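# Structure assessment
Here is what each chain is made of, one letter per residue.
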Amino acid sequence: NLAKFVKRVYSYEINKNFLEISKYNAKLFNVDNIIFKNKDIYKGISEKNLDLITLDLQEPWKVLKNAKKALKKNGQLAAYLPNITQIIELYKKLDKNFKLEFVKEVIERNWIIDERRARPENIIIGHTGFLIFIRKV
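Here the structure is a predicted model, which means the values were calculated and not measured.

Taken together, the side chains of Leu-2, Phe-5, Val-6 and Leu-52 make up a nonpolar region of the molecular surface, amounting to roughly 400 Å² of accessible area. With relative accessibility at 39%, the residue Leu-52 sits in the partly exposed group.

Moving on, we get to the pattern of salt bridges. Per the counting criterion, the structure on display carries nine salt bridges. Among the salt bridges present, the one from Asp-51 reaches Lys-72, with a minimum N-O distance of 2.4 Å. Within this pair, whereas Asp-51 is found in strand β3 (residues 50–55), its partner Lys-72 is found in strand β4 (residues 71–81), the two being separated by 21 residues in sequence. Take Lys-72: its relative accessible area is 32%, and that puts it in the partly exposed class. Among the salt bridges present, the one from Glu-89 reaches Lys-93, with a minimum N-O distance of 3.4 Å. Of the two residues, Glu-89 and Lys-93 both sit in helix α3 (residues 84–93), four residues apart, roughly one turn of that helix. For Glu-89, a relative accessible area of 25% puts it in the partly exposed group. Under the relative-accessibility criterion, Lys-93 is labelled partly exposed at 44%. Each of Lys-99, Glu-101 and Arg-135 takes part in a single network of salt bridges with overlapping partners.

About the criteria used
- Residues numbered from 1 in each chain as written.
- Predicted model: local features only at pLDDT ≥ 70, side-chain atom pairs only at ≥ 80, totals over all residues.
- Heavy atoms only, no water.
- Patch = residues over 30% accessible without salt bridge, like charges linked within 9 Å, V, L, I, M, F, W, Y side chains within 5 Å.
- Areas by Shrake-Rupley, 256 points an atom, 1.4 Å probe, with all protein chains shown as cover.
- Salt bridge = Lys/Arg side-chain N within 4 Å of Asp/Glu carboxyl O.
- Buried < 20%, exposed > 50% of the residue type's maximum accessible area, 1.4 Å probe, protein only.
- Helix = DSSP H or I, 4+ residues; strand = E, 2+ residues; numbered from the N terminus.

In structure tokens form, the structure reads like this:
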């Protein structure tokens, strides 16, 4: 849980049901430094001088204008995206205020573990996703 390692987290969630689930999870894990906002991050970020913005959105490039205003110099934006075309689209939308740090592929696959084996269940098939890290310059 990222919130356990930082002073404060601001969580923007437009869906009220998801917001309530997030609040429940924070309470369940005794995390009390999250400020929950029922707001659309595409429409703006109230906070300024942020160290990090993390996104799990379908169109994170729509947040770049707001992130530019909210992040401090050398602040980072990290996004999880399920397909590489989204990574490419986000990269294309970066302007001179942002620098791509790196992209990592995250592969999930099932493993067989028993007394004699420890190997992937299926070498070929797996779920993949991508993490992109961008720095405000």
